[in-house]
Amino acid sequence: MARRTKISLVGAGQIGGTMALLAAQKQLGDVVLIDVSEGVPQGKALDLLHGGPIIPTSSALSGSNDYADLKDSDVVIVTAGLPRKPGMSRDDLLDVNFGIIKTVGEAIKKNAPNAFVLVVTNPLDAMVYAMQKVTGFPTHRVVGMAGVLDSGRFAALVAEAIGVSAEDVQALVMGGHGDTMVPLIRYCSVGGIPVTHFLSQDKLDAISKRTANAGGEVVALLKTGSAFYSPALSAIHMAEAYLKDKKRVITAAAMLNGEFGYKGVYAGVPVILGGNGLEKVIEVELDAGEKKAFDASMEAVKSLVAYIDKKLAE
Ligand code: TXD
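The rules behind these values
Counting restarts for each chain: residues are numbered from 1 in the order of the written sequence. Local features in this predicted model are restricted to residues whose pLDDT is 70 or higher, and side-chain atom pairs enter the listing and the counts only when it is 80 or higher, whereas totals over whole chains, interfaces and linings include all residues. Values shown for side chains rest on all heavy atoms present in the structure; no hydrogens or waters enter the calculation. Numbering of helices and strands runs from the N terminus; a helix is a DSSP stretch of H or I covering at least four residues, while a strand is a stretch of E covering at least two. The size measure is the radius of gyration over C-alpha atoms, and the globule rule it meets is 2.2 Å times the number of residues to the 0.38 power. Think of it in three bands: residues with accessible area under 20% of the maximum for their type are buried, residues over 50% are exposed, and the middle band is partly exposed, with areas taken using a 1.4 Å probe on protein chains only. In what follows, a contact means two residues having at least one pair of non-hydrogen atoms within 4.5 Å. In short, Shrake-Rupley with a 1.4 Å probe defines the accessible areas, and a residue's cover is counted only from the protein chains shown. Strands qualify as paired when DSSP identifies two bridges or more between them. Helix span is expected to be 1.5 Å times the residue number reduced by one. In what follows, salt bridge is the name for a side-chain nitrogen of Lys or Arg lying within 4 Å of a carboxyl oxygen of Asp or Glu. Residue ranges for the domains trace back to a domain assignment, done automatically or taken from a database. When two parts are put together, the accessible area they lose, computed with a 1.4 Å probe and summed over both, is reported as buried area. What qualifies as a polar contact is a pair of N or O atoms within 3.5 Å, subject to a donor-acceptor requirement within protein and to the restriction that residues adjacent in sequence count only when both atoms come from side chains. Side-chain classes are defined by residue name, with Ala, Val, Leu, Ile, Met, Phe, Trp, Tyr, Cys and Pro counting as nonpolar, Asp, Glu, Lys and Arg as charged, and the others, Gly among them, as polar. Nearness here has a simple test: a residue counts as near a molecule or strand if at least one of its heavy atoms is within 4 Å of that partner.

1. Side note on the overall build of the chain
At step 1: Looking only at helices and strands, one finds 9 helices and 14 strands in the chain.
At step 2: Taking 2.2 N^0.38 as the reference for a compact globule, 314 residues should give roughly 20 Å; the C-alpha atoms of the chain span a radius of gyration of 19 Å, in line with that estimate.
At step 3: Taken over 314 residues, the chain has a buried fraction of 53%.
At step 4: In the chain, 70% of the contacts between residues at least 6 apart in sequence involve partners at least 24 apart.
At step 5: In the form shown here, the chain has an accessible surface area of approximately 13800 Å², with 55% of it arising from carbon and sulfur atoms.

2. Side note on the sheet that holds strand E11 (residues 193-194)
At step 1: If you trace the 3 strands from one edge of the open sheet to the other, you get E7-E10-E11, paired in antiparallel fashion. Two strands close off the open sheet at either side, each with one partner strand: strand E7 (169-170) and E11.

3. Points about helix H8 (residues 229-243)
At step 1: The end-to-end C-alpha distance of H8, which contains 15 residues, comes to 21 Å, matching closely the 21 Å that a straight helix rising 1.5 Å per residue would cover.
At step 2: Looking only at H8, the buried set comprises Pro231, Ala232, Ser234, Ala235, Ile236, Met238, Ala239, Glu240, Ala241 and Tyr242.
At step 3: Following H8 by one or two positions, Asp245 adopts a phi angle in the positive range, close to 50 degrees.

4. Side note on the pattern of salt bridges
At step 1: This structure, assessed with the given rule, holds 16 salt bridges.
At step 2: The shortest N-O distance in the salt bridge between Lys26 and Glu240 comes to 2.9 Å. You can see Lys26 sitting in the loop between helix H1 (14-25) and strand E2 (30-34) and its partner Glu240 sitting in helix H8, a full 214 residues away along the chain.
At step 3: Taking relative accessible area as the criterion, Lys26 reaches 36% and is therefore assigned partly exposed.
At step 4: Take Glu240: its relative accessible area is 9%, and that puts it in the buried class.
At step 5: The partner of Arg186 in a salt bridge is Glu285, and the shortest N-O contact between them spans 3.2 Å. Pair noted here: Arg186 is in the loop between strand E9 (182-183) and strand E10 (189-190) and Glu285 is in the loop between strand E14 (277-281) and helix H9 (288-313), with a separation of 99 residues, a long-range link.
At step 6: A residue is classified by how much of its surface remains accessible, and Glu285, at 49% relative accessible area, is partly exposed.

5. Observations regarding unusual backbone geometry
At step 1: The step from Ile55 to Pro56 runs through a cis peptide bond, and the omega angle for that step is -10 degrees.
At step 2: Cis rather than trans, the peptide bond between Asn122 and Pro123 has omega equal to -10 degrees.
At step 3: Mapped onto the secondary structure, Pro123 falls in the loop between strand E5 (116-119) and helix H4 (124-135).
At step 4: Notably, Lys223 is not glycine yet its phi reads approximately 70 degrees, a positive angle.
At step 5: Tracing the sequence through the fold places Lys223 in the loop between helix H7 (214-222) and H8.
At step 6: In this structure, Asp245 is a non-glycine residue whose phi angle is positive, near 50 degrees.
At step 7: Here Asp245 shows up in the loop between H8 and strand E12 (248-257).

6. Overview of the domain arrangement of the chain
Accessible area lost on assembly of the parts is the figure often given for the size of an interface.
At step 1: As far as domains go, the chain holds domain 1 (6-144) and domain 2 (147-313).
At step 2: Listed as interface residues are 41 residues of domain 1 and, on the opposing side, 46 residues of domain 2.
At step 3: Between domain 1 and domain 2, a total of about 3800 Å² is buried, with carbon and sulfur atoms accounting for 72% of that surface.
At step 4: At the junction of domain 1 with domain 2, the criterion picks out 2 salt bridges.
At step 5: A salt bridge links Lys311 to Asp95; its shortest N-O distance comes to 3.5 Å.
At step 6: In this structure, the connection of domain 1 to domain 2 is made through 8 residue pairs in polar contact (both at pLDDT 80 or more).
At step 7: For the side of domain 1 that touches domain 2, the secondary structure elements donating two or more residues are H1, strand E4 (75-78), helix H3 (94-111), E5, H4 and strand E6 (142-144).
At step 8: Among the elements that make up the side of domain 1 that touches domain 2, the one with the highest residue count is H4 (10 residues).
At step 9: Considering only residue class, the side of domain 1 that touches domain 2 consists of 25 nonpolar, 7 polar and 9 charged.

7. Topic: the site of the ligand
At step 1: The environment of the ligand is formed by 28 residues, the closest being Gln14, Asp35, Tyr67, Val120 and Met145.
At step 2: For the shell around the ligand, the secondary structure elements donating two or more residues are H1 and H3.
At step 3: If one sorts the elements of the shell around the ligand by residue count, H3 sits on top with 3 residues.
At step 4: The residue inventory of the shell around the ligand, partitioned by class, reads 16 nonpolar, 11 polar and 1 charged.

Have a look at this one:
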């Protein structure tokens, strides 16, 4: 008897609600929205259930305020936490969101010990590291969502600048999910053609800068929260790669074990994502400038990780 897939979304806010719709539209499995806010997961699940016949979908949708409803989840996507407000950095969320991730991680460990866990909560590199330490799950089953979003943002800005379809631009943004992220221009292709055929170095440098600040640009416009459509699309893209064993080549926050000269920290790197979770880190060749930028980004990540280690030891 085939078993239905279960996807739990811990955090039923802007991103969580959007992911629930996307998962139902793609029929990735049954969706459980879990949140501490009473009524919100239940209300969003009921609203989506009403849309079921119209999508159409066979996904069952439910909402809960009880972590026990994580039971036997195949995938858990965590957005629980506070988003940024204008003027806040991702690091400003560190303390409060660490506390939330610790609580959620303990609940996942207890109720869904075999789940593939995707962390979205910021500051991402620190939160996915904390999640892996709190759950104690093998590192291939605890992955952070940021690189798909950052690479997508870079590719979207390149497509707009050239005037071509966003479908035909592929990009690779490595490093921490912060201001020091590293868009690798050399690896950006437009329909298989190097992006430098279309855009000058100055234009590409400007796009790199705008990519690193893209989250802040949306926060400043929205004023009441951060980006949620493209983050939700990115997380569901990763969940689908896992659930369908698609072996997608994407950028994700992965625990490094010597790759690029780092061990024991999470960072955004090219990976193969399939049915066994994070199946491989692809150690692409970096030139001197790229390595310098990556190392600078890793300095920022390492300082966040050191903070988490201190908190975990308390
Ligand atoms: O690329 C990326 N990784 C980033 C991540 C892209 C965009 C947003 N990024 C971060 O995701 C953002 O800075 C936040 O830390 C998370 C979630 O963003 P979202 O926009 O969805 O925030 P909301 O709408 O405030 O939703 C968060 C929900 C909210 O409903 C809270 O009640 C809930 O999290 N919450 C909890 N749920 C379960 N358990 C606990 N403990 C809990 N605490 C808060």
